[in-house]
Amino acid sequence: MKDDDRPRNYRKDTLLTHLGRNPEAQHGAINPPVYHASTILSKNVAEWENRRDPRVHFGVVRYGLSGTPTTFALEELLAKIEGGYRAAIVCSGLAAITAPLQGLLSQGDNILMVDSAYGPARNFCNREDVPAIAAVAHSRGAKVVMDNTWATPYLFRSFEHGVDVSIHAATKYIGGHSDVMLGAVITNEESWLPVRSMIADLGHCAGPDDIIFGLRGMRTLSVRLERHQKNATEVARWLQSRPEVSRVLYPALPEDPGYALWKRDFLGASGLFGVVLKAVPKAAVDAFVESLDLFGIGASWGGYESLIQPSYPERSRTATRWQAEGPLVRIHIGLEDPQDLIADLAQGLDRLRTVAAA
Ligand SMILES: *Cc1c(COP(=O)(O)O)cnc(C)c1O
C-alpha cells in the first residue's frame, strides 16, 4: 500500500496481501529482502550512540537479535490482523509461551492455567469462554494470556475479547508447510513493554529464512484455512456417522458443547480435532492409525498434509478428570481431497474392527 495518509479501511483479506510490503524501497520486488544480519553498522559515532533501546522501540534496526525489516514485516502483519498493539517473533511456539509468562509474572505471583493447555489433543479455546475469563481476570487485576494457535490471528481476534497477550505457534498454520519452527507473541499496549523486554533479555529471535516463510504463509492463510475448515467439517461429519466413533470434538459441529461459544466469538474453525472412539483395545487403535495411507503419524500440525496421533489427555490433566467412552485420537485434516481421506479412514476403521474382534 502507498505510504501516504489517505484513510483506509481495508478488510482483513486485503491486509493479508498488502501489509508488510514496501516494493518501492526495494527495486519493485514484491517481498521484503531476507536480511541475514547480526552486525548493523552505524554511519558515525552519534548514530551509534543514539540507537534506541530495542526493548522499547519497534522497527529500529539495531542488531540482528532485535530484528530486521524482514522481521518487522511479519510482526506488523500479525499485530494488525489480530487487532493487537505489537508483535514479537521468537524461535518457537514454546518460546512464545514461556517468554511472556516470565515477563508478566514475578516471584510469588499466582498463575491460573486451564487444565487442557498443554494437552496436545485439545485446544482450550473451544471449551473456555474467553470474554468471561477476561472479565473475571481483569476484575482481580490479572492479565489474560491466550494460546491462539488453533484459531490463528485470522479466525479469533483475541484483543476484541479481552485478551492481553496472544501466543502463536507460528510453526503451525502461519508457516503452513511443516518446514519452520517459529513463534509469535502479540500484545496490547499495556503488556508490550514487560513482554518485549523479557524477550530481549532472554535473547530470543528467529532466523530470517524461517521468518520469510512465516510471512509467505500469512499471504495464503485465509485461503488455506477456508479449505482446512471445509475438509475438516466434511470428514468430521462422516466420522460422527460411524459406529466405531463415540464423539468428534470439533467446535464447528452443532453437536459440540463448544459450538455456541465458537459461533459467537470465532470467525471460523481450523482443521484440527479430536475423535473419541468407542471402547476398544489399544492394539486396535494402533492398527487403525498404522493402516492409514494418507495420514502421517506425527506431532505438530497446521501444514498442508493430514496427520493423526493417539492422544492421552488423562496423563496430563491435573485439575479435571478426562472422561471418555474410549480412546482418543487427534486428527489434522490437510488439503487433500476429503473423499480420499474418508475412504482411507473407512478402510482404517475396518482394520480397527478386525483387530478389536480378534
Ligand atoms: C505446537 C504448539 C505449541 C508449541 O509450538 P512449537 O513451535 O512446536 O514450539 C504451542 N501451543 C500449541 C497450541 C501448539 O499446538
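Residues numbered from 1 in each chain as written. Predicted model: local features only at pLDDT ≥ 70, side-chain atom pairs only at ≥ 80, totals over all residues. Heavy atoms only, no water.

**Quick word on the site of the ligand**
Line of reasoning, step 1. Close contacts around the ligand come from S92, G93, L94, I97, D147, T149, A169, T171, K172, M181 and W301, and that covers them all.
Line of reasoning, step 2. One of the side-chain nitrogen or oxygen atoms of T171 is found 2.6 Å away from an oxygen atom of the ligand.
Line of reasoning, step 3. Contact between the ligand and W301: an oxygen atom at 3.2 Å from a side-chain N or O atom of the residue.
Line of reasoning, step 4. Within the complex, the protein chains bury 72% of what would otherwise be the 380 Å² of accessible surface of the ligand.
Line of reasoning, step 5. Ranked by residue count, the leading element in the shell around the ligand is helix 4 (residues 93–104), at three residues. (Near = heavy atom within 4 Å. Polar contact = N/O pair within 3.5 Å; in protein donor to acceptor, adjacent residues only side chain to side chain. Areas by Shrake-Rupley, 256 points an atom, 1.4 Å probe, with all protein chains shown as cover. Helix = DSSP H or I, 4+ residues; strand = E, 2+ residues; numbered from the N terminus.)

**What about the domain arrangement of the chain?**
Line of reasoning, step 1. According to the domain assignment, the chain consists of domain 1 (12–219) and domain 2 (222–357).
Line of reasoning, step 2. The C-alpha-based centres of domain 1 and domain 2 are spaced at 29 Å.
Line of reasoning, step 3. Taken together, the contact between domain 1 and domain 2 spans 33 residues of the former and 36 residues of the latter.
Line of reasoning, step 4. For the pair domain 1 and domain 2, the summed buried surface comes to about 2900 Å²; carbon and sulfur atoms form 57% of the total.
Line of reasoning, step 5. It is D115, W150 and Y173 that lose the most area in domain 1 upon contact with domain 2, and together they represent 28% of the buried surface on that side.
Line of reasoning, step 6. At the junction of domain 1 and domain 2, the tally comes to one salt bridge.
Line of reasoning, step 7. We note a salt bridge from R264 to D129, for which the minimum N-O separation is 2.8 Å. (Domains from an automatic or database assignment. Contact = heavy atoms within 4.5 Å. Buried area = accessible area lost by both parts, 1.4 Å probe. Salt bridge = Lys/Arg side-chain N within 4 Å of Asp/Glu carboxyl O.)

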